[in-house]
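Residue-level listing of the chains:
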Amino acid sequence: MKSNFFKFLSRSRGKIHLFFFVFLMGLALGTCENRIIPSEYRVELPPLPPEWENILGSPRWQVEWINPDGRIKTLEADGSSIPELDIMMEWTTPVIAYPFWPDRGISPGILHPAGALFPFDAEESRIKLSWKGGVDAWVYLCLRDAGGADAPENRQPHYFDWPRFRLLMESSDIDEEVRLDPWLADWQDVAARTVQSGFDRRRIKPAPREDLPVSIPQSGLYLGMSPFQEPRFLEKDETVLFPVTGRVDTYVTAQGLLRCTQGAWLWIPWK
């Protein structure tokens, strides 16, 4: 059965605004302490998947968030030196962080990001990012891009029922492959269809893929773009079928990058 989150939220607009007003006032006043709403938040990054860290070392991070003026802001920093962020606090807003390794030719966006949603992942003056939160933040940005500034207010991503979405993504109602690795879904397509006609959980399924035969250029551990994807040890000259989508899929090794598209692959050794 189709579940239209936006329609439900449009009818409940007043309740949502009241919820956030009470939430923010609770932060400001507190029950036992004279707390104030923080104007800036410290980012807590998740630990890297062990294989990423073993092969690539510590990354730099490109962090994006929405500031109080409603603008997307970007900064780059080492994980230990990310400054506090000024967050839009009137409604749900994303923080997304892309790990990248400029000395290895791995730019922001090649490996999938971590992320968080304010206020759900905020505690006092901290915002705790996670790898699953990276999916949520990405879906938020996809909804924002699909709707645009001219979209009706009730189709904007801050009206989406994010707690319910998170529960859904952990449930057996979702395709098992996507539940184990949410990056297998085509979220841009899901977002576009959601903005156009409403949310339907049946659209959350693996994106179409084709098997690409690759003659493995170097033996070693091959890491996918997703932090949820299990690495594979492959032998040189072994022919392996890689499932590829319409985008460029990247695999990382200690010796270089394997870039795959439908019908072609490219080996890029480290310099």
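Our structure's up above, just so we're on the same page.
Because the structure is predicted, anything quoted here is derived from the model rather than measured.

Rules and cut-offs
Residues numbered from 1 in each chain as written. Predicted model: local features only at pLDDT ≥ 70, side-chain atom pairs only at ≥ 80, totals over all residues. Heavy atoms only, no water. Helix = DSSP H or I, 4+ residues; strand = E, 2+ residues; numbered from the N terminus. Buried < 20%, exposed > 50% of the residue type's maximum accessible area, 1.4 Å probe, protein only. Contact = heavy atoms within 4.5 Å. Areas by Shrake-Rupley, 256 points an atom, 1.4 Å probe, with all protein chains shown as cover. Expected span 1.5 Å × (residues − 1). Polar contact = N/O pair within 3.5 Å; in protein donor to acceptor, adjacent residues only side chain to side chain. Pairing = 2+ DSSP bridges. Axes fitted to C-alpha atoms, helices over the stretch in contact; angles between N-to-C directions. Core = buried A, V, L, I, M, F, W, Y, C linked by side-chain atoms within 4.5 Å. Phe/Tyr/Trp six-rings, centres within 6.5 Å; stacked < 30°, edge-to-face > 60°.

1. Considering the overall build of the protein
Part 1 of the reasoning: Within the protein one finds seven helices and 14 strands.
Part 2 of the reasoning: Burial analysis of the protein (271 residues in total) assigns 47% to the buried set.
Part 3 of the reasoning: Residue pairs in contact within the protein that sit at least 24 positions apart in sequence constitute 60% of those at least 6 positions apart.
Part 4 of the reasoning: When the accessible surface of the protein is split by element, carbon and sulfur atoms take 51% of a total near 14,100 Å².

2. Things to note about helix α4 (residues 131-147)
Part 1 of the reasoning: With 17 residues, α4 should cover 24 Å at 1.5 Å per step; its first-to-last C-alpha distance of 25 Å lies within 8% of that length.
Part 2 of the reasoning: With twelve of 17 residues buried, α4 lies mostly within the body of the structure.
Part 3 of the reasoning: Within α4, burial applies to W131, G133, G134, V135, D136, A137, V139, Y140, L141, C142, L143 and G147.
Part 4 of the reasoning: The residue sitting at the N-terminus of α4 and contributing the capping side-chain oxygen is S130; that oxygen lies 2.9 Å from the backbone nitrogen of G133.
Part 5 of the reasoning: Following α4 by one or two positions, G148 adopts a phi angle in the positive range, close to 75°.

3. Quick notes on the sheet that holds strand β13 (residues 256-261)
Part 1 of the reasoning: Spatially, β12-β13-β14 is the arrangement adopted by the three strands of the open sheet, whose pairing is antiparallel. Single-partner strands in this sheet number two, and they are β12 (249-252) and β14 (264-269). Neighbour-to-neighbour, the strand axes of this sheet turn through a mean angle of 20°, independent of strand direction.
Part 2 of the reasoning: In terms of strand pairing, β12 meets β13 through four bridges, oriented antiparallel. Its bridge partner lying in β13, Y251 is registered against L258.

4. Describing the nonpolar core
Part 1 of the reasoning: If you look at the biggest cluster of nonpolar residues, it comprises 32 residues, and the most contacted ones within it are V63, I87, I106 and L111.
Part 2 of the reasoning: Elements represented by at least two residues in this core include exactly α3 (50-56), β2 (60-66), β3 (72-78), β4 (93-100) and β5 (114-118).
Part 3 of the reasoning: Each residue touching I87, except ones within four places of it in the same chain, is listed here: S39, Y41, W65, I66, N67, P68, T93, V95, F118 and I127.

5. Here we look at unusual backbone geometry
Part 1 of the reasoning: A cis geometry characterises the amide bond from F118 onward to P119, with omega recorded as 10°.
Part 2 of the reasoning: Counting through the fold element by element, P119 comes out in the loop between β5 and β6 (122-123).
Part 3 of the reasoning: You will see that E124, though not glycine, has its phi angle at about 55°, which is positive.
Part 4 of the reasoning: With respect to the element layout, E124 can be found in the loop between β6 and β7 (126-128).
Part 5 of the reasoning: Owing to a relative accessible area of 53%, E124 belongs among the exposed residues under this scheme.
Part 6 of the reasoning: Positive phi values are uncommon outside glycine, yet D237 reaches one of about 70°.

6. With respect to the packing of aromatic side chains
One pair of aromatic rings is described through two measures. These are the centre distance and the angle between the planes.
Part 1 of the reasoning: The final tally for this structure, using the stated rule, is twelve aromatic pairs.
Part 2 of the reasoning: When the ring of W52 is compared with that of W131, the centres are 5.5 Å apart and the planes differ by 75°; the resulting orientation is edge-to-face. Of this pair, W52 sits in helix α3 while W131 sits in helix α4, placing them 79 residues apart in sequence.
Part 3 of the reasoning: Given the relative accessible area of 3%, W52 is considered buried.
Part 4 of the reasoning: A relative accessible area of 11% places W131 in the buried class.
Part 5 of the reasoning: Between Y140 and W162 the ring centres are 5.9 Å apart and the planes differ by 20°, which places this aromatic pair in the stacked class.

7. Brief notes about the environment of S171
Part 1 of the reasoning: You can see S171 is positioned in the loop between α5 (162-169) and α6 (176-180).
Part 2 of the reasoning: There is a polar contact of 2.8 Å between the side chain of S171 and the backbone oxygen of L168.

8. Concerning the environment of G133
Part 1 of the reasoning: By the secondary structure assignment, G133 is in helix α4.
Part 2 of the reasoning: Taking C-alpha positions, G133 is 8.6 Å from D121, a pair spaced twelve residues apart along the chain.
Part 3 of the reasoning: Once you skip the residues sitting within four places of it in the chain, G133 turns out to touch G115, A116 and R166.

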